[in-house]
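Understanding the architecture of this molecule
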Amino acid sequence: MSGIKTGLFDTHVHLDCAPLKQNVEQEVRHARQVGVENFLVPGVRRSDWPSLLALVEGLPGALAAPGLHPLAADQWGAGAAAELALCLQHSRIAAVGEVGLDGLLEAPGVDVQERAFRAQLRLAVAADLPVLIHCRRSIGRLLSILREEGAQRVGGIFHSFSGSSESARAAIELGFAIGFGGPLTFPDARRAPEVLRALPAEWIVLETDAPDLTPHPFRGQVNRPAYLGLIAERVAGLRGWTLQETARITTANARRVLRLKESGVRSQESE
Ligand SMILES: [Zn+2]
């Protein structure tokens, strides 16, 4: 390997959520020590959006993806739409997220989730921004909605992908990279390692989803951005890549789907 060192890109990390937000500078410093250079921070609730934007402004290498998570889909309405459209004009925005369908939630109901999802996809397409997808037990319906709303024009990332290789390929055909995180590292993981091995290299990206989905051997504790190194090691082992190749490939993939420029990347502005 050449001496060129590429940093890791965490494509899904809730730095603005407790307990990470109380120590965010220290968490980010620890992550940098293991080679993580970029952080994409998704939105969850409408009330988070102002602090989400403020957080990424103050953190070199951090970008935001504001939006309503399916669990907060009942917050969608004219007011939220206007506020989100405004947020999307911010210079440190890389995507709309995290949006989608969650079949494991008791509430809000499917119709409410779908209405918010479709409306946010339309905003993303109108703003020409990629989308961060959250999907549990809804893959068939969700892929149809992506097609119906023309989401292949913007693409994005399927976060914490838990589906089959066939579903992953269908997502890739629509221009979506597949995000791998903590569940890949669990000793009893079966499907995620299989899917990871089966996919084309150029559609694989890394994520922690911290503070959730903690990788082995820290499962059961709070997930931290520095644990992206454990996920990168697991991906390297499963694909037969060196750690440096893993960083180079997955970071290039993240930059491509998020359409970040090679130099003068938005995320480096304040460095
Ligand atoms: Zn998330």
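Calculation rules
Residues numbered from 1 in each chain as written. Predicted model: local features only at pLDDT ≥ 70, side-chain atom pairs only at ≥ 80, totals over all residues. Heavy atoms only, no water. UniProt positions renumbered as here; feature names shortened; annotations may be inferred. Phe/Tyr/Trp six-rings, centres within 6.5 Å; stacked < 30°, edge-to-face > 60°. Lys NZ or Arg CZ within 6 Å of the ring centre and 35° of its normal. Donors = N, O, S within 2.8 Å, 3.2 Å for Na, K, Ca; no water. Tetrahedral: all angles 85-135°; square planar, octahedral: opposite > 155°, others 65-115°. Buried < 20%, exposed > 50% of the residue type's maximum accessible area, 1.4 Å probe, protein only.

An unreviewed UniProt entry annotates the protein chain as TatD family hydrolase of Desulfuromonas versatilis. A UniProt comment under Sequence similarities (unreviewed entry) is attached to the protein chain, and it reads "Belongs to the metallo-dependent hydrolases superfamily. TatD-type hydrolase family."

Here the focus is the packing of aromatic side chains. Counted under the stated rule, the structure contains three aromatic pairs. For the pair F158 and F161, a centre-to-centre distance of 5.8 Å together with 65° between the ring planes defines the contact as edge-to-face. Ring-pair connections join several aromatic residues into one group, and the members of that group are F158, F161 and F176. The side chain of R219 reaches across the aromatic face of F186, ending 3.5 Å from its centre. The aromatic ring of W203 is capped on one face by R256, whose charged end is 4.7 Å from the ring centroid.

Turning to the coordination of the zinc ion, a few remarks are in order. Looking at the zinc ion, one finds its protein donor set to be H12 (NE2), H14 (NE2), E98 (OE) and D209 (OD), positioned 2.1 to 2.6 Å from the metal centre. Here the zinc ion is ringed by four donor atoms whose angles at the metal span 85 to 172°, and the overall shape comes out irregular. Sequence positions of the donors to the zinc ion reduce to the motif H-x1-H-x83-E-x110-D. Exposure remark for H12: the relative accessible area of 0% places this residue in the buried category. Of the residues examined, H14 reaches a relative accessible area of 5% and is grouped as buried.

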